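Chain and residue survey
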Amino acid sequence: MRKIGKMVGCVGKKWVKSLLTGSVAISLAACSSQAGTGETSKTSELSSKASVQQQKLVIYTGRDKSVVEDFIPKFEVAHPDIKVDVLTIGAQEILERIRGEKANPQADFWWGGTQSGLMTAADEGLLESYKPPFSNHIPTLYKDSQDRWYGEMLLPEVIMYNPDMLPKAEAPKDWDDLLDPKYKDNIIIRGVLKSGTMRTIYSAMMYRQGLTTPDKGYEWLKKLDANTKEYAQDPTNLYLKLARQEGAISLWNLQDVMIQKETKKQPFDYIYPASGAPILVDGVAIVKGAKNLDAAKEFYDFLFDEKIRIEMAEKYYQIPTLSNINKENLPAWLKDVELKPLEIDWKVMAEKEKEWMQYWDENIKGKGKK
């Protein structure tokens, strides 16, 4: 009431003055401006702050914790108006979660998904179409034709081993070597169904035995199961068991092997399979119906900045999909990697993966020794 009284008093005085000057409208406007300047400014400031606080980005990621803790703060510094929440789970779990939340999406961005997983999600209408500014610098092989996902990095799947336990000369040189009885109870596998990496490797092994002869593929997996000592519940558990020499051999992606070997000084090394490796395209996507679409696009563009890609290659052994990066700027370790791929129809393999993995889980897992 006090503020209203002051305004009325102001209007009264200005009105008298306006009769003498003939500027009623101008005087009233000036009075109104004077009365509300302070309050309007404060309201505007509070509104602006509220707007900043409301911007949010929810990310589901399969990325290693160290990568998340390194690059999320960099993004937040570049975008102080965006608050980021991250849930770190396996790539397959991300797909299942996004599928379950389709009616009410809780995530905005999927950071770290297998090609087959992203293709499945796209086919199920779970991903938003977005053509980023770097689109022309990603080869057709590494992106969705409708811009629903883009490959961020390439992950050759390799044979991982502990050289303190098994000399390189005695390690398996190719996929079929893993079935040799001499490796019985020396193989530890990351739990397959919850791991996009392992589902890809197992599906690739099925594919290479022939699409028309699935029984041959199942027989191959049964022999591998016979040599498998146990299935680790997550990557951390897998690394721990191999480091403790509970097993000497595993199947994993090259990037994570290099991180554990070089950054964390774990006693790990790898063999690039002689016949070739399934080279997984690990990608990103915006969730269909994302509540924070603009923030998700900002993060998309941030991830594919050339400086970020080079830094990730240097620190986290990622092989970038961007074709326009100056090779002279890439780290030395990449020059020693010869990418020999297995020839795979990824679309066909993605269509068959669920069927193959369900059969493996119900009829093969843990039964190979019997």
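For the protein, the name recorded in an unreviewed UniProt entry is Extracellular solute-binding protein, with Brevibacillus laterosporus as its organism.

**Section: the overall build of the protein**
Scanning the protein from terminus to terminus reveals twelve helices and eleven strands. Burial analysis of the protein (370 residues in total) assigns 50% to the buried set. Across the protein, the fraction of contacts at a sequence separation of at least 24, relative to all contacts at a separation of at least 6, is 75%. Carbon and sulfur atoms make up 51% of the accessible area of the protein, which totals about 18,300 Å².

**Topic: the packing of aromatic side chains**
A complete count under the given rule lists 18 aromatic pairs for this structure. Both rings, one in Phe134 and one in Phe304, keep their centres 4.1 Å apart while their planes meet at 15 degrees; by these two values the pair is stacked. Placement of Phe134 in the loop between strand E4 (127-128) and strand E5 (150-161) and of Phe304 in the loop between helix H10 (293-303) and helix H11 (306-316) is noted, with a sequence separation of 170 residues between them. The pair Phe134 / Phe304 is uniform in exposure class, with both members buried. Among the aromatic residues, those joined into a ring-pair cluster are Phe75, Phe109, Trp111, Tyr130, Phe134, Tyr150, Phe299, Tyr300, Phe302 and Phe304. The ring of Phe304 is capped by Arg309, whose NZ or CZ atom sits 5.9 Å from the centre of that ring.

**Remarks on helix H5 (residues 115-123)**
H5 sits mainly inside the fold: seven of its nine residues count as buried. Within H5, burial applies to Gln115, Ser116, Gly117, Leu118, Met119, Ala121 and Ala122. Residues of H5 that are buried in the fold lie against helix H4 (91-100), strand E3 (109-113), E4, helix H6 (196-209), strand E10 (279-287) and helix H12 (346-363). Downstream of H5 by a residue or two, Gly125 has a phi angle that is positive, lying close to 75 degrees.

**Concerning helix H7 (residues 214-227)**
In an α-helix, one turn spans 3.6 residues; hence positions three or four apart end up facing the same way. The terminal C-alpha atoms of H7 lie 20 Å apart, and with 14 residues this matches the ideal 20 Å at 1.5 Å per residue to within 8%. Inspection of H7 places Gly217, Tyr218, Trp220, Leu221, Leu224, Asp225, Ala226 and Asn227 among the buried residues, and these make up the whole buried set. Residues of H7 that are buried make contact with strand E6 (187-190), H6, strand E7 (228-232), strand E8 (249-253) and H12.

**A look at the nonpolar core**
Among the nonpolar cores identified, the biggest contains 112 residues, and Leu57, Phe109, Trp111, Tyr202 and Phe299 are the most heavily contacted of them. Sort the elements by how many residues they give to this core and E5 lands first, with eight residues. Here this core spans two domains, and each of domain 1 (55-154 + 280-330) and domain 2 (155-278 + 343-364) adds at least three residues to it.

**Brief notes about the confidence of the model for the protein**
Low pLDDT marks stretches whose predicted atomic positions should not be read closely. Across the protein, the average pLDDT comes to 87, with 85% of residues at 70 or higher. Within the model, pLDDT remains below 50 along residues 1-36, and this stretch shows twelve contacts once partners closer than five positions in the same chain are excluded.

**Things to note about the side chain of Arg199**
As for its placement among the helices and strands, Arg199 is situated in helix H6. Aside from chain neighbours lying at most four places away, what touches Arg199 is Gln92, Val192, Leu193, Glu353, Lys354 and Met357.

**Digging into the pattern of salt bridges**
The final tally for this structure, using the stated rule, is 22 salt bridges. Here Lys241 ties to Glu230 by a salt bridge, and the two come within 3.2 Å at their closest N and O atoms. Here Lys241, found in helix H8 (residues 235-243), pairs with Glu230, found in strand E7; they are eleven residues apart in sequence, far enough to count as distant. The partly exposed category is assigned to Glu230, whose relative accessible area is 25%. Using a relative accessible area of 14% as the deciding quantity, one classes Lys241 as buried. A single salt-bridge network, built from bridges that share partners, covers Arg63, Glu152, Asp282 and Arg309.

**Focus: the side chain of Gln209**
Checked against the element boundaries, Gln209 lands in helix H6. If sequence neighbours within four positions are ignored, Gln209 has contacts with Asp176, Lys216, Gly217 and Trp220.

**Digging into the packing of helix H3 (residues 65-78) against H10**
Contact geometry of H3 with H10 gives a least axis separation of 11 Å together with a crossing angle of 120 degrees. In terms of orientation, H3 lies oblique with respect to H10. Along this stretch, H3 crosses H10, giving a crossing that reads as right-handed. For the pair formed by H3 and H10, the contact residues are Phe71, Ile72, Lys74 and Phe75 on the first element and Ala295, Glu298, Phe299 and Phe302 on the second. Classifying every residue of the contact of H3 with H10 gives six nonpolar, no polar and two charged.

Rules used throughout
- Residues numbered from 1 in each chain as written.
- Predicted model: local features only at pLDDT ≥ 70, side-chain atom pairs only at ≥ 80, totals over all residues.
- Heavy atoms only, no water.
- Helix = DSSP H or I, 4+ residues; strand = E, 2+ residues; numbered from the N terminus.
- Buried < 20%, exposed > 50% of the residue type's maximum accessible area, 1.4 Å probe, protein only.
- Contact = heavy atoms within 4.5 Å.
- Areas by Shrake-Rupley, 256 points an atom, 1.4 Å probe, with all protein chains shown as cover.
- Phe/Tyr/Trp six-rings, centres within 6.5 Å; stacked < 30°, edge-to-face > 60°.
- Lys NZ or Arg CZ within 6 Å of the ring centre and 35° of its normal.
- Expected span 1.5 Å × (residues − 1).
- Core = buried A, V, L, I, M, F, W, Y, C linked by side-chain atoms within 4.5 Å.
- Domains from an automatic or database assignment.
- pLDDT = per-residue confidence, 0-100.
- Salt bridge = Lys/Arg side-chain N within 4 Å of Asp/Glu carboxyl O.
- Axes fitted to C-alpha atoms, helices over the stretch in contact; angles between N-to-C directions.
- Parallel < 35°, antiparallel > 145°, perpendicular 65-115°, else oblique.
- Left-handed = near helix turned anticlockwise from the far one by under 90°.
- Nonpolar A, V, L, I, M, F, W, Y, C, P; charged D, E, K, R; others polar.

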